[in-house]
Amino acid sequence: MSYEELMLRAITKAEKFRYTAKPNPVVGAIIIKEDQIISEGYHEIYGENHAEINAINEAEKYIGKKFQDFSELTLISTLEPCSHVGKTGSCADFISNAGFKNVVIGAIDPNPKVAGRGIKILENNNIQVKSGLLHDLVEKQNKFFFHKHKNNKPYITVKIASSFDGKSHYHNERVFITSELSRDDVQKIRADYDAILTGGNTLRNDNPKMNSRVNFTVNQAKKILLTNKTYNDDSSFFKNAEVDVFEIRDLNKIINSYKDTDICSILIEAGPKLANAFLKTELVDELIVYTSPKKLGKKGVDWFYEDNTIENYGFKLESSYKIDTDLKETFKKNG
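A brief look at the structure comes next. (Residues numbered from 1 in each chain as written. Predicted model: local features only at pLDDT ≥ 70, side-chain atom pairs only at ≥ 80, totals over all residues. Heavy atoms only, no water.)

### Regarding the packing of aromatic side chains
In the structure shown here, the tally under the stated rule is 11 aromatic pairs. Between tyrosine 231 and phenylalanine 238, the ring centres sit 5.6 Å apart and the planes meet at 5°, which makes this aromatic pair stacked. On the basis of relative accessible area, tyrosine 231 is assigned to the partly exposed category, the value being 33%. Using a relative accessible area of 15% as the deciding quantity, one classes phenylalanine 238 as buried. (Phe/Tyr/Trp six-rings, centres within 6.5 Å; stacked < 30°, edge-to-face > 60°. Buried < 20%, exposed > 50% of the residue type's maximum accessible area, 1.4 Å probe, protein only.)

Dropping the structure here:
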């Protein structure tokens, strides 16, 4: 197999752990001797060994059987090995100490704490490094991670469910607008994000759980509550969850507070007032709209007014398809 084929294999197999490695990026590593795969490793669980260490630990079982020394081997990693010591040790140091002489990397880590430093450690230890192989695929696979470190803020998505006539809900009354299949789809979207944000009115009116109820293992998102009024911390929103509560109204300041954390993505599920407030800040990168064929009529609360439609906020339609009787549309920020 070529380096490109092996890199594609590592990217593909790493995808299995996207929900248990988050908020860390998914990473795969393969160790080979000439054309033979000696071992593979993946970053499987947040806070535990990174992919490269898992691959090296697995390869050690074959010393004296399939190879004599790590200098005979090539390590292929989808992302630049980390250079800093966080929840785990420096992978670049671990690789160097193992004795490798050849490393192939998919993408350079955009995190300023790494960003070329891992490669420098390897090269300073007389390791030949090739980087940039299938970079676009690695970045696409870890789009939240790359966005966070390139833009110095988490990736922000607003999700709304709308009636056919553009309404959110009835005043002080909870109503299910979209189909059960659309609501199941929302569960999968929640699984992708590192944090879910809502407002006090939604908490008090709907008593939402806002966790990801899916049939696979997932690191549940941190929850963020914005309210300056009293709230019940025994409500469903707080159960088995890590929750940050903000009483301040400065949305830029709130989002900026996650700049130096592991949080790379935030999903906003809130009512029209808070959703529109976020859209006006220009912090939002993506907007997901589920539209039902139901109409709520004049008693319903509008999502948008004529002067602040989705297009006027600077979004363009990225995708559109039916889920049962509903229409799911995804809008991305222009530019």
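Back to the write-up after that little detour.
### Side note on the sheet that holds strand β12 (residues 286-291)
A sheet is described by the order of its strands in space; here 8 strands give the open sequence β10-β9-β8-β11-β6-β12-β15-β14, paired in mixed fashion. Of all strands in the sheet, those with a lone pairing partner are β10 (243-246) and β14 (315-323), marking the two edges. Here the strands of the sheet are splayed against their neighbours by 20° on average, with no regard to which way each runs. Bridge analysis of strand β6 (residues 155-162) against strand β11 (residues 265-268) gives 4 bridges, and the strand direction is parallel. In the sheet register, tyrosine 155 faces β11, and the bridge partner there is serine 265. Each of β6, β11, β12 and β15 (326-333) is contacted by helix α7 (residues 143-151), which is oriented at about 125° to β6, the strand it contacts most. With respect to the sheet, helix α8 (residues 180-192) is in contact with β6, β8 (195-199), β11, β12, β14 and β15, its orientation differing from that of β12 by roughly 165°. (Pairing = 2+ DSSP bridges. Helix = DSSP H or I, 4+ residues; strand = E, 2+ residues; numbered from the N terminus. Axes fitted to C-alpha atoms, helices over the stretch in contact; angles between N-to-C directions. Contact = heavy atoms within 4.5 Å.)

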